[in-house]
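# Fold and contact review
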Amino acid sequence: MTADLHELEQRASAELAQVSDLQALEQWRLRYLGKKGEVTLAVRSVGQLPPAERPAYGKLANEVKGRLEAAYEARLEVLKQEEVERALRAAAVDVTLPGRRPAVGRLHPSTQTLREIYHIFTQMGFQIYRSREVETDEYNFELLNMPPHHPARDMWDTFYINKDVVMRTHTSPGQIHVMRAYYPEPIRAILPGKCYRYEQVTVRSEHMFHQVEGLAVGKHITMADLKGTMIHFARQMFGPERKLRFRCSHFPFTEPSVEVDMDCILCGGKGCSLCKHTGWLEIAGAGMVHPVVLRNGGYDPNEWSGFAFGMGIERIAMLKNHIEDIRYFFSNDLRFLGQFH
Ligand code: PHE
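Residues numbered from 1 in each chain as written. Predicted model: local features only at pLDDT ≥ 70, side-chain atom pairs only at ≥ 80, totals over all residues. Heavy atoms only, no water.

Now for the site of the ligand. The environment of the ligand is made up of 15 residues, and the closest members are His170, Ser172, Arg197, Gln211 and Glu213. At a separation of 2.8 Å, a nitrogen atom of the ligand approaches a polar side-chain atom of Ser172. The side chain of Gln211 places a nitrogen or oxygen atom 3.0 Å from an oxygen atom of the ligand. Considered on its own, the ligand offers 330 Å² of accessible surface; in the complex 92% of this is hidden by protein. Spatially, the ligand is embedded in the largest pocket. Those elements that provide at least two residues to the shell around the ligand are β5 (208-218), β8 (280-289) and β9 (305-312). (Near = heavy atom within 4 Å. Polar contact = N/O pair within 3.5 Å; in protein donor to acceptor, adjacent residues only side chain to side chain. Areas by Shrake-Rupley, 256 points an atom, 1.4 Å probe, with all protein chains shown as cover. 1 Å grid on protein atoms, 1.4 Å probe; cavity = no way out; pocket = protein on both sides within 12 Å on 5 of 7 lines; lining within 4 Å. Sits in = over half its atoms within 2 Å of the grid points. Helix = DSSP H or I, 4+ residues; strand = E, 2+ residues; numbered from the N terminus.)

See below:
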């Protein structure tokens with residue numbers, strides 16, 4: 001009978017040596033030392049032996065039980081320690097690894113250009129006025145001296161929401177809003193924002209882009225004020241040596257109307273591919289506010305006069321940063337956007 005106990009001890013010890021985690025150890029404990037474990041049963045079986053065999057068997061069974069319990073405790077300690085070490089290793093930070101660069105956002109180049117423009121005009125006393133992007137036909141055209149069916153409407157290819165509502169094709173309708181909001185105060189305001197045109201998207205034109213409108217209304221405003229303002233702007237934005245040219249043009253809402261040209265920033269006027277060999281770059285449309293428009297804004301044209309201008313922000317940004325394709329602005333390519341600090 002005692003041979004059985006020796007065999008049991010050997011088997012249990014050998015198995016214990018194989019146990020490599022706490023879960024397996026617990027199973028081992030139940031198998032041998034649990035309430036119905038083999039060792040426990042062996043100890044309890046003493047009572048069924050012939051009386052003569054009991055003392056020797058009982059003694060050995062208790063010794064085996066004691067040894068296996070001690071071995072269990074020792075193994076438990078070792079495995080717990082290993083578990084702790086494993087957890088520490090998993091949580092460890094390798095300080096020799098290269099760092100991860102945080103992805104820092106930047107302002108969009110159109111926003112950066114707009115902000116430069118705000119800075120220049122606010123220094124001249126202009127306030128920034130926000131006007132709506134969804135406009136009525138009335139504000140986008142009629143109040144700007146373009147009645148229905150006026151051929152000048154063809155200057156803008158328009159997205160119509162319905163027959164009376166449009167996506168504004170230019171920031172000029174804001175002129176009426178700002179005049180109606182401020183009458184009878186004099187006005188010096190710039191009106192920035194998105195404009196929409198139902199156009200073929202090309203290197204030079206997008207169906208959504210930004211404009212900044214300028215409007216000054218006062219008692220003695222003349223064309224000289226418009227010229228001085230545009231010259232100052234161009235020199236602040238593109239360098240003090242810039243020269244401007246005011247070329248006759250036509251807009252229904254200004255009279256007289258001009259196209260504002262700046263000497264080419266690349267060739268200085270000699271002629272190159274940027275200025276298409278003319279020496280000049282167009283930077284804005286402008287003019288003296290048409291009497292009809294002043295009246296529509298609430299200002300009596302016999303007392304008041306004003307100038308207005310409108311420029312394309314992406315065009316300004318393209319000239320300034322030598323960007324050749326307007327489509328880059330809105331295609332969300334980080335290789336492009338990431339270049340502007
Ligand atoms: N609104 C005109 C355009 O989009 C530009 C402009 C604004 C011209 C103000 C004159 C005065 O083309």
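More follows now that the structure is in view.
Peptide bonds are trans in most cases, and residues, glycine excluded, mostly fall at negative phi. The peptide bond linking Tyr183 to Pro184 adopts the cis configuration, its omega dihedral lying at 5 degrees. When you line up the elements, Pro184 lands in the loop between α7 (173-182) and β4 (187-196). Along the chain, Glu255 connects to Pro256 via a cis peptide bond; the corresponding omega equals -5 degrees. By the secondary structure assignment, Pro256 is in strand β7 (residues 254-263).

As a further point, take the environment of Thr111. Relative to the elements of secondary structure, Thr111 occurs in helix α5 (residues 109-123). We classify Thr111 as partly exposed; its relative accessible area is 28%. Separated by 202 residues in sequence, Thr111 and Ile313 place their C-alpha atoms 9.0 Å apart. (Buried < 20%, exposed > 50% of the residue type's maximum accessible area, 1.4 Å probe, protein only.)

Mapped onto the elements of the fold, Ser110 is located in helix α5. Look past the residues within four positions of Ser110 in its chain and what remains in contact with it is His210, Ile313, Glu314, Phe329 and Phe330. (Contact = heavy atoms within 4.5 Å.)

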